[in-house]
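One letter stands for each residue in the lines below.
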Amino acid sequence: MAAGLYLATPKAVTSLPERAELIATLADRRAALVREDEAAGAKDRARQLRDHIRAYVLPRVQALESPLLVVLLGPTGAGKSTLMNTLARATVSRTGILRPTTREAVLLATDADAATLRRGALAGIGAGQIMRAPATTASAGLAIVDAPDLDSVERANRVIADALVEAADLGIFVTSATRYADKVPFDVVQRIAARGLPLLIVVNRMPAEGSEQRVVLEDLRRVLKDTALRGIDDARVQMVGVAEGRLDPSGERLEAEAAAPVLQRVDELARDRERRLALARRALEGALAGLGPLLSSVAGDVEHAAAEAEVLRSITTKSYDAELAALFDELRGGTFLRTEVLRHWESYVKADQITRFFSRGLGRIRGTIVAVFRGMPEAPVGVVEKEVTSDVVAVAVSRATEAARRVASEWSSREGPAAQLGRDHTLWSASPDLAARIQPRLHDWVGSIATDVQARGAGKRDLAFGVSLGVNALAVAAMVGVFAHTAGVTGTELGIVAATGFLNQKLLQAIFGEAAMREMIANARERLEALLREEFSIERSRYERLTADPIELRTLAEELRSSTAPLAA
């Protein structure tokens, strides 16, 4: 993915559905950028964000007018099933200390509402984990679920209950006068607060005396005072106390009077579609706001991944830049050229005919130049080109291998990259096909020099192209000049490289002139270095592909953090 693809200013979010869609897109992008070597916690948070927004938030967005989902939550023996039967005005959920169906929730809804919920808010919960209650007393537009015990010893129960917390539009938390301060129920309340779920609290088994009931409720408010709970009307959370033993004759339901405040609130929602819709919107708002801590954590994970990617890419860039610079120094100095190759070319340019040509000068022999070159030995064009380019390939591969070794050595000290290096041993050296890639490109490079020679000699055909040297020989001479251009230093001072370079540049200078010769060699060297720079970039990309783009990651982190900003007007 191209760097900077996400750098444009994001569109202002003006509605909750837009915000949900934005967060879903960000969650998908994060999930796509998770790398195998990231920490398990970061992977889990990325998956959790994506799954949560897809399974719970978007279905609610896409069906705000779906049935309002009321979920009864609480610990074992708190009286959820009794309250469920009371709200249903029928025995739909068996009561008792232990649930008879430990892995199932009980859903009271009309057939149409149940079908809608199964496609939407409850789609993430297995069909076998929700039992339908008889729909005879259900109200259209309102569904009630008796959730499994939140402190159940059965992990499956806790998973279903947690999923229902995420799917619900209204939570009714059922506890008792003796258990409201227990750690497990209190932790559940904290999750409900973080989720932003509107809540009503029912405290069962209260003392009979009103004064004692007030003491219990005041103490419960003290316990919950630092918890950001939201009431049905976004005001103070309503608490309803139910005295011990206030059951109707069936023993399965509360007396209507004892449960009157709860029945009244639920009945109001059942009758009033606009109130249901408003509460559903508030539940969605709470669900999105409740994602804040997770979004912040995921953004932190992304920033950490960006920092790690920057370190790894910096290691790679420094290693390859250093070896490429060393390669250029080696090529410019000609020290990599084998002596036998230099001797081979030097013996040609030192031929008697060329020596005389140098000594007499072009101006003095303009009319007899063809005769001067007639009988010259044939230039060893093919041999010298092959040997010199092979030497360039060898030194390039050597430098690329050293760069790879340096990168792999530094990466191997880091846990994630070390695992990647262990899976691909070719990362410890240059690519196996590097030599095969460079060789034909060098042949084309020599061809480009020949094209330059031909273009520069077009106006001097009687001097250059009518002679025995020809375009190919002059191209090879220019190629040798790229690696052995002495800039006036004599061979006596610098040895075989300078000696060959001195004669070679005299030949080119005599044919083209000093300025044109220097420009031709400089251009040829520039094209060669561009070629090698590109090949080293390809080599470096083997490691960059193993890291995410830091720019993309930092952009994503910023967008994750800003996704819960206030809605635009």
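Novice: Please explain the pairing of strand S4 (residues 142-146) as it appears in this structure.
Specialist: Walk down a regular strand and you will see the side chains alternate between the two sheet faces. Extensive coverage of S4 is indicated by the burial of five of its five residues. Residues Leu142, Ile144 and Asp146 of S4 are buried on one face, and the alternating residues Ala143 and Val145, pointing to the opposite face, are buried as well. Relative to S4, strand S1 (residues 68-73) runs parallel, the two being bridged by five bridges. By the bridge assignment for S4, valine 71 is matched with valine 145. Here strand S2 (residues 105-108) pairs with S4 via three bridges, running antiparallel. Residue pairing in the sheet places valine 106 in a bridge with aspartate 146 of S4.

Novice: When you look at the packing of aromatic side chains in this model, what are you seeing that I'm missing?
Specialist: All chains considered together, the criterion is met by four aromatic pairs. Both rings, one in tyrosine 320 and one in tyrosine 543, keep their centres 6.1 Å apart while their planes meet at 45 degrees; by these two values the pair is tilted. Here tyrosine 543 lies in helix H20 (residues 514-544) and tyrosine 320 lies in helix H10 (residues 292-333), a separation of 223 residues in the sequence. On the numbers, 5.6 Å between centres and 80 degrees between planes, the contact of tryptophan 411 with tyrosine 543 is edge-to-face. With tryptophan 411 in helix H14 (residues 381-411) and tyrosine 543 in helix H20, this residue pair connects regions lying 132 residues apart in the sequence. For the residue pair tryptophan 411 and tyrosine 543, the accessibility class agrees, reading buried in each case. Chaining the aromatic ring pairs together yields one cluster made of Tyr320, Trp411, Phe536 and Tyr543.

Novice: How should I be thinking about the confidence of the model for the protein in this particular structure?
Specialist: In the predicted model, the protein carries a mean pLDDT of 82, and the fraction of residues at 70 or more is 83%. At the low end of the mean pLDDT range in the protein sits helix H13 (residues 369-373), at 44; at the high end sits helix H21 (residues 550-562), at 95. Residue range residues 461-468 is modelled with pLDDT below 50. Its contacts to residues more than four positions away, or to other chains, number 20 contacts.

Novice: Can you walk me through unusual backbone geometry in this structure?
Specialist: What you tend to see is this: most non-glycine residues have negative phi, and most peptide bonds are trans. Phi is positive for arginine 89, close to 55 degrees, though the residue is something other than glycine. With respect to the helices and strands, the residue arginine 89 is situated in the loop between helix H3 (80-88) and S2. For arginine 205, which is not glycine, the phi torsion reads 55 degrees and is therefore positive. Here arginine 205 shows up in strand S6 (residues 199-206). Relative accessible area serves as the criterion here: at 38%, arginine 205 is assigned to the partly exposed category.

What counts, and at which threshold
Residues numbered from 1 in each chain as written. Predicted model: local features only at pLDDT ≥ 70, side-chain atom pairs only at ≥ 80, totals over all residues. Heavy atoms only, no water. Buried < 20%, exposed > 50% of the residue type's maximum accessible area, 1.4 Å probe, protein only. Helix = DSSP H or I, 4+ residues; strand = E, 2+ residues; numbered from the N terminus. Pairing = 2+ DSSP bridges. Phe/Tyr/Trp six-rings, centres within 6.5 Å; stacked < 30°, edge-to-face > 60°. pLDDT = per-residue confidence, 0-100. Contact = heavy atoms within 4.5 Å.

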